[in-house]
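Below, each chain spelled out in residue letters.
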Amino acid sequence: MMPSFPGPKNERSEMAKTISIAGTTVELVERGHGRPLLFLHAGEGLAPERPWLQLLSRHYRVVAPWHPGYGNSSLIDGLGSVDDLAYLYLDLAAELEFENAVLVGACFGGWVAAEMMVRSTARFSHLVLVDPLGIKISGREERDIADMHALPRTEYLKLAWADPAEGDVDFTELREDELAAIVRGREAFTLYGWRPYMHNPRLKRWLHRIDLPTLLLWGAEDRIVTPAYGEGWRQAIPRARLEIIPRAGHFPHWEQPEAFVERISAFVGQSV
Amino acid sequence: MRVWYFSEMAYHPAWEEGLKRGSLRVVLPSSNFDPKLGHGLLNRYLDEFALCDEVGLDIMVNEHHSTSTCLTISVPMALAILARETKRSRLLSLGTPIANRPDPVRVAEEMAWLDVLSGGRLEMGLVKGAPYEIAPANSNPANLMRRYWEAHDLILKAMSTTDGPFNWEGEFFHYRNVNIWPRPYQQPTPPVWMTGLSVETGRMAAERGHVVGTLLSLSAAGPMFEAYRKRAQELGWTAGPDRFAYAAVVGVGMTREEGLRRANLAADYVRTSPVVAEPFTNPPGYNSLSANIAMLKAGGKRGGFVRDRHGNPVEQTTASIEQLIESGTCFAGTPDDVYDQIKALSDSVGGFGNLLMFGQGGFLDHKDTVANITLFAKEVMPRLRELDPAPQKAVAAE
């Protein structure tokens, strides 16, 4: 069960830093130069050691926070909701004086990104949602979002990864502090998304407020939220288009990092 | 010592199917429940509870949801019947899973009503609930204990406030006019119980003077009771044995063989209880950070709470009756055997004043259950009373 990736590892001294926002401490990675890109991570974790960050930072100044409760960071006031995260990251964008920034949110981070954008798009020029959670499309007796918490880990990996072996983690090999970060992340993910399950019933109603060019990037083999769910998102956001990444599941930025970065660069480049 | 008879009111006819499917809880469809068989079982179990009143035992009822291990889905419903069918027994609700209940004021109302109906015989357990209760309730496990404590405080305030209404705008619960009728028979509230396995629970219970109970495992009981006594001492009072409860399966017979046979049948409760589809056994936030780290390190293996005398986990699903006696999970044999085992365990954890007696479980039939209850009441109970002749109710410093 999620998440499987710890907080900052050995590269901590080199890349992780903290910044105080609205009375809470945000831990983040900053890498690269140029146009700012705020990356909001998946329920599974940030995993900055995977290639996606290095590749993305060749094109952008990537700022990637750990959500409060993940990694070494604390929950906001010991609790917190997705609303809190939306305001926190809007404050972060203001604090860092972002202009024409790119906002990228994956999975749970996509939900947070959408919640930010229905509030204010002022500091951003482009929105990229990667297999986002967060909205309800189908009827009350159907699920749009797989119940990740009702699945054994092996079953979860089959739904979330095109190649489940890629997502497997041998927890027995990890250090105690890494395991602690994983456990804390699991609790935080649960806190934010347990009920209603991984969505805000009112969010879809307001997605029309997103006035930015929006790219919905979807792993062709994602069965946590399928490309059909992505089509629902596309219809709800006025200037959105949906692109499918082959041989990727719920985490295209991990399974197909080159394609992930190419699609973002092409999208931002052509629609400036 | 007081003894509280208890049965989970199991629907054992579905166990074979549940074991085959790997889960007796949450995901076992109710097509495996035959309502006609259930009708007979529920009435039989309530008769067995009522018998306790005649022979001088107290009564404990619990609840679970979405499971073949326990048909009681509402403690107050069962206790409402028993309040009318009994005259002397004290009635222990152990308890209401208050962090899974959407409406704490309703809990306060039901408990107060039961207390009035029974003439002040209610003892009120406010419990966290088992991890697999999270899914049927769909309550958020990541803030379970914050919700627990807010519900706890609200329930006690609702029951003890006589000049209401009062206002409550908390993190989880919101009311503008709390003013329950009836108010409880016992003032300011019936005695409050908690359950747990940890040192932390022991401390928290001590700070409120509540009774604390633990289940089936002496290796958890010792440290928890010790933490309670220590915290009480720090707060300026001495916690007597009446603050502590210990739950175990009990099988007593005219011969050792008969007692072991009864305990062995009732112990199927212990063997079936942990058979739950894996994803529902450890919802994030339910268990502590350190317990979860230990589980990940062990490759996802969970140690159950039944431990041997050296603290090593006992495989609950296959444990023999001898192993379960060794781990303090079962007391079994002749009346002498059972008395000796209870006394030894009580002594080893500093003394408990309440035994929660699983006197029925699964395939232990009506005849055996009646014999188990009556023989225990006749031959063991009087000696346990002598063991702790005058339990002094401790009073919190405040």
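The following refers to the structure shown. (Residues numbered from 1 in each chain as written. Chains lettered and ligands numbered in written order. Predicted model: local features only at pLDDT ≥ 70, side-chain atom pairs only at ≥ 80, totals over all residues.)

**Considerations on the overall build of chain A**
Consideration 1: Looking only at helices and strands, chain A features 10 helices and 8 strands.
Consideration 2: Taken over C-alpha atoms, the radius of gyration comes to 17 Å for chain A, in line with the 19 Å a tight globule of 272 residues would show.
Consideration 3: Principal axes of the C-alpha set define a box for chain A whose edges measure 45 × 45 × 35 Å.
Consideration 4: Counting only residues that meet the buried cut, chain A has 54% of its 272 residues in that class.
Consideration 5: Residue pairs at least 24 apart in sequence account for 76% of intrachain contacts in chain A once pairs closer than 6 positions are excluded. (Helix = DSSP H or I, 4+ residues; strand = E, 2+ residues; numbered from the N terminus. Rg over C-alpha atoms; globule rule 2.2 N^0.38 Å. Buried ≥ 20, exposed ≤ 12 C-beta atoms within 10 Å, placed from the backbone. Contact = placed C-beta atoms within 7 Å.)

**Focus on helix α7 (residues 176-193) of chain A**
Consideration 1: An ideal rise of 1.5 Å per residue puts 26 Å on 18 residues; α7(A) measures up with 26 Å between its terminal C-alpha atoms.
Consideration 2: Extensive coverage of α7(A) is indicated by the burial of 15 of its 18 residues. (Expected span 1.5 Å × (residues − 1).)

**Comments concerning the sheet that holds strand β2 (residues 24-31) of chain A**
All names here are of chain A.
Consideration 1: Ordered in space as β1-β2-β4-β3-β5-β6-β7-β8, the 8 strands form an open sheet in which the pairing is mixed. The outermost strands of the open sheet, each flanked by one partner alone, are β1 (16-21) and β8 (240-245). The average angle at which neighbouring strand axes cross in this sheet is 25°, direction not considered.
Consideration 2: Pairing between β1 and β2: 6 bridges, direction antiparallel. (Pairing = 2+ DSSP bridges. Axes fitted to C-alpha atoms, helices over the stretch in contact; angles between N-to-C directions.)

**Looking at the pairing of β2(A)**
Residues and elements named next belong to chain A.
Consideration 1: In sequence, β1 turns back onto β2 through a hairpin of 2 residues, with A22 there showing a positive phi of about 50°.
Consideration 2: Direction of pairing for β2 relative to strand β4 (residues 61-65): antiparallel, over a ladder of 4 bridges. Looking at the pairing, V29 lines up with A64 of β4.

Remember that the coordinates give geometry; whether it matters functionally is a separate question.
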